[in-house]
Structures are given as structure tokens and as C-alpha cells.
Amino acid sequence: EKMIAEGKDPDAVSADDTSAFAGTFLIATVKGDVHDIGKNIVAVVLGCNNYKVYDIGVMVPCDKILDEAQRLNVDVIGLSGLITPSLDEMVTVAKEMQKRGMTQPLLIGGATTSKMHTAVKIAPSYFSPIHPVIHVLDASRSVTVVSSLLGESKTEYVESISEEYEEMREDYYAGLENRSYLSLAKA
């Protein structure tokens, strides 16, 4: 309807034209994981908020995720996972994004994911002011995160996430230093 109101013929616009969207987003459940409820909710929530969402499924290998993201030239990439091994696969994807010189922000979500794991294990492999790595607690927050990354306040938003993650890493590593272990006999 909007296109018609603007005097455009909807049939004349390419299916690949994403200019009418607020942004483009690729989402996948990582290799080794078949769970997709959260991923599907994120896709619907973003789609309902005028983002073009490319949902490429479950059990998606790293190379396919990144090849599709590059082919489609998406603005943001989202990884989903429910089981613990998915966490390692997300680290692998972040490292490969860095190797490829990619610049898309990377969003992390799923039941086993956490802000701490993202800050300590995933973000150091890829995070920069241009392409942050951000844990998204639940699907309802995805719109706020993506709009912050694609909006005018990106710099401030990313700086605040970066500071928070740096603090979390410092606390995590300080906690490791303060640990003392007992021998098995004393335990």
C-alpha cells in the first residue's frame, strides 16, 4: 500500500530490493543445534517491525551462515542456540567473521547463552566499535538492539556495551585469580 501511495508499481520492484525496510537481518541456529523456537520468534518480531529477515534455518554450518550474510549483504547477523555445544560454535563463527574481515554486528541469543559468556568468550574474538557482539536476553529486546545498532545512537550504544563487557571480563578474570583449590584429600 505504501508503494502504491508513493506512485510505485509493487510488481516492478525487485524481490531483492530492501530499501523499504528499516534494515536487513540474517538469523540462524548454529551447527549442531536443532532448536528454533526463539529464532523463529526473533524473526517474527523483527519482521513485524519492518526489518527484512533472512532465516536460514537450524543446524547451519559456520561457512553457510557467513557466505549467506556476505551474499545478501545484511546489516546484522544473529546466532541462536539452545544447547551447550552451541556456545563453542558461536565462538567459531565470531572468529571466522574476524578472519573474513566482516563488519556486521553479531547478536547472540538462546537459552544457554549469557551476557557473561558473550563478554568473556565470544566478544574478544570479534567485537569492535563498528561490529559489536551483543547478547540479546530475549526476542522482545531484539528490535531495540537492532534499531540501536542501525540508528544514529550506535556509537554511544556500542561504547556502553563495550564498557559493560570489559568490566564483566575484568570481574571474571579477577575471580579466577582469587580462587584457591584444595587437594582431593583435604576436600
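For the structure given in this document, a descriptive report is provided here. Residue numbers run consecutively from 1 along every chain, following the written order of its sequence. Side-chain atom pairs in this predicted model are given and counted only at pLDDT of 80 or more, local residue features only at pLDDT of at least 70, and totals for whole chains, interfaces and linings cover all residues. Heavy atoms throughout the structure, all of them, feed into the side-chain values; hydrogens and water do not.

1. Description of the packing of helix α4 (residues 85-100) against helix α5 (residues 115-122)
Orientation is described by lines fitted to C-alpha atoms, with helices fitted over the stretch in contact, and by angles between N-to-C directions that extend from 0 to 180 degrees. Numbering of helices and strands runs from the N terminus; a helix is a DSSP stretch of H or I covering at least four residues, while a strand is a stretch of E covering at least two. Two elements in contact, α4 and α5, have axes separated by 10 Å at closest approach and are oriented at 45 degrees. Considering their axes alone, α4 and α5 lie oblique with respect to each other. Crossing angle aside, the handedness with which α4 passes α5 is right-handed. Contacts between α4 and α5 involve Leu87, Met90, Val91 and Ala94 from the former and His117, Lys121 and Ile122 from the latter. Angle categories are assigned with fixed cut-offs, so that under 35 degrees is roughly parallel, over 145 is roughly antiparallel, 65 to 115 is roughly perpendicular, and the rest are oblique. It is the rotation of the near helix from the far one that decides the hand of a crossing: anticlockwise by less than a right angle makes it left-handed, clockwise makes it right-handed. Residue contacts are counted whenever heavy atoms from the two residues lie within 4.5 Å of one another.

2. Examining a nonpolar patch on the surface
Patch construction takes residues with relative accessible area above 30% that form no salt bridge. Like charges are linked within 9 Å, and nonpolar side chains (Val, Leu, Ile, Met, Phe, Trp, Tyr) are linked within 5 Å. Here the Shrake-Rupley method, with its probe set to 1.4 Å, supplies the accessible areas, and only the displayed protein chains count as covering residues. The term salt bridge refers to a pairing of a side-chain nitrogen on Lys or Arg with a carboxyl oxygen on Asp or Glu at a separation within 4 Å. On the surface, Val34, Val58 and Met59 cluster together into a nonpolar patch covering about 240 Å² of accessible area. Note that Val58 resides in the loop between β2 (51-55) and α3 (62-72). For every residue, the accessible area (1.4 Å probe, protein chains only) is compared with the maximum for its type, and the residue is labelled buried under 20%, exposed over 50%, or partly exposed between those bounds. Taking the relative accessible area as the measure of exposure, Val58 reaches 31% and is therefore partly exposed.

3. Re the packing of aromatic side chains
The criterion for an aromatic pair is that two Phe, Tyr or Trp rings (for Trp, the six-membered ring) have centres within 6.5 Å, with stacked assigned to planes under 30 degrees apart, edge-to-face to planes over 60 apart and tilted to the rest. Within this structure, the stated rule accounts for two aromatic pairs. Seen from their ring centres, Tyr172 and Tyr173 are 5.1 Å apart, and the 80 degrees between their planes marks the pair as edge-to-face. For Tyr172, a relative accessible area of 28% puts it in the partly exposed group.

4. Some thoughts on unusual backbone geometry
A positive phi angle, near 70 degrees, is found at Asn50, a position not held by glycine. When you line up the elements, Asn50 lands in the loop between α2 (37-48) and β2. Since its relative accessible area comes to 37%, Asn50 is described here as partly exposed. The phi torsion at Met59 lies on the positive side, around 55 degrees, for a residue other than glycine. Of note, Met59 is situated in the loop between β2 and α3.

5. Concerning the pattern of salt bridges
Taken as a whole and assessed by the stated rule, the structure comprises eight salt bridges. Measuring nitrogen to oxygen at the nearest pair gives 2.8 Å for the salt bridge that ties Glu164 to Lys115. On the criterion of sequence distance, the pair formed by Glu164 in helix α7 (residues 154-177) and Lys115 in helix α5 is long-range, its members being 49 residues apart. We classify Lys115 as partly exposed; its relative accessible area is 34%.

6. Thoughts on the environment of Ser147
Within the secondary structure, Ser147 sits in helix α6 (residues 142-150). Given a relative accessible area of 33%, Ser147 falls into the partly exposed group. As a C-alpha pair, Ser147 and Ile134 span 13 residues in sequence and 13 Å in three-dimensional space. Among the polar contacts listed, one links the side chain of Ser147 to the backbone oxygen of Thr144, at a separation of 3.1 Å. N or O atoms closer than or at 3.5 Å make up a polar contact, with two conditions inside protein: a donor-capable atom paired with an acceptor-capable one, and, for residues adjacent in sequence, both atoms drawn from side chains.

7. Details of α3
The periodicity of an α-helix, 3.6 residues per turn, causes residues three or four positions apart to be oriented the same way. Taken as a whole, α3 has its buried residues at Cys62, Ile65, Leu66, Glu68 and Ala69. Across the axial projection of α3, the buried residues extend over an arc of 160 degrees, all falling on one side. Positive phi appears at Asn73, one or two residues downstream of α3, with a value of about 50 degrees. Note that the arc is defined by the directions from the helix axis to the C-beta atoms.

8. Brief notes about the pairing of strand β1 (residues 23-29)
Of all seven residues making up β1, seven are buried, and the element is well covered by its neighbours. The two faces of β1 match: Gly23, Phe25, Ile27 and Thr29 on one face and Thr24, Leu26 and Ala28 on the other face are all buried. Paired strands, in this sense, are two strands between which DSSP finds at least two bridges. By the bridge criterion, five bridges tie β1 to β2 in an arrangement that is parallel. Bridge pairing links Gly23 to Tyr51 in β2. Handedness rule for crossovers: strands pointing away from the viewer, path from the first strand over the helix to the second running clockwise, crossover right-handed. Viewed along the sheet, the connection from β1 through α2 into β2 turns out right-handed.

9. With respect to the environment of Tyr165
Looking at the secondary structure, you find Tyr165 in helix α7. Here Tyr165 falls in the buried class, since its relative accessible area comes to 1%. Linking Tyr165 and Lys52, residues 113 residues apart in sequence, is a C-alpha distance of 29 Å. In this structure Tyr165 touches Lys115, Thr118, Ala119, Ala123, Phe127, Val133, Ile134 and His135, once residues within four positions along its chain are discounted.

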